[in-house]
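Breakdown of the fold
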Amino acid sequence: MAYAHQIHESQPQGMDSTIILDPSLLRAAQRIYRTYCMLHPRNSKRPDGIAIHRKSYRGQLIFRNNPVLLPGECFVPTKQLEVEI
């Protein structure tokens, strides 16, 4: 138990770093996010972001704080998706 507790404490809390992404990758993620918002306008649960593949631009909505990404994927937080370009 102590070991797991030590690992949890060593992880940075409340990271608010903005990662600069490829503009076409960001547009693809925004398109996925807008499609979700249009299809589910009354859904109160908003995703935390999108995991999107860097080459194929296929994305998956993420509803958890610490997503597990596959090789070649990056995470685009909702804060970056809602910003107008």
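Scroll up to find the structure.
**Focus: the overall build of the chain**
Scanning the chain from N- to C-terminus turns up three helices and three strands. Each helix (α) and strand (β) of the chain, taken in turn from the N terminus, gives the series α-α-β-β-β-α. If you take every contact in the chain between residues at least 6 apart in sequence, the share linking residues at least 24 apart comes to 48%. Here the chain displays about 6900 Å² of accessible surface, and carbon together with sulfur accounts for 56% of that area.

**As for the nonpolar core**
The biggest cluster of nonpolar side chains holds 11 residues, and these are Leu 21, Leu 25, Leu 26, Ala 28, Ala 29, Tyr 33, Ile 50, Ile 52, Cys 74, Val 76 and Leu 81. When residues of this core are traced back to their parent elements, those giving at least two are α2 (23–39), β1 (49–53) and β3 (73–77). Considering each element in turn, this core owes the most residues, five residues, to α2. Excluding residues that lie within four positions of it along the chain, Cys 74 makes contacts with Leu 21, Leu 25, Ile 50, Ala 51, Ile 52, Arg 54 and Leu 69.

**A few points about the environment of Ser 24**
Position of Ser 24 among the secondary structure elements: in helix α2. Judged by relative accessible area, which is 24%, Ser 24 ranks as partly exposed.

**A closer look at the environment of Lys 55**
Along the chain, the position of Lys 55 falls in the loop between β1 and β2 (59–62). Expressed as a C-alpha distance, the spacing of Lys 55 and Leu 25, which sit 30 residues apart in the sequence, is 8.6 Å.

The rules we used
Counting from 1, residues in each chain are numbered in the order their sequence is written. A pLDDT threshold of at least 70 governs which residues receive local features in this predicted model, and a stricter bar of 80 or more applies before side-chain atom pairs are shown or counted, although totals over entire chains, interfaces and linings include all residues. Side-chain descriptors were evaluated using all non-hydrogen atoms of the structure, hydrogens and water having been removed beforehand. For the purposes of this entry, the term helix denotes a DSSP run of H or I that reaches at least four residues, the term strand denotes a run of E that reaches at least two, and both are numbered from the N terminus. Residue contacts are counted whenever heavy atoms from the two residues lie within 4.5 Å of one another. Reported accessibility uses the Shrake-Rupley method at a 1.4 Å probe radius. Residues are deemed covered only where the shown protein chains occlude them. Throughout, nonpolar core names a set of buried Ala, Val, Leu, Ile, Met, Phe, Trp, Tyr and Cys residues whose side chains join them through atoms within 4.5 Å. We call a residue buried when its accessible area falls under 20% of the maximum for its residue type, exposed when it is over 50%, and partly exposed in between, using a 1.4 Å probe and counting protein chains only.

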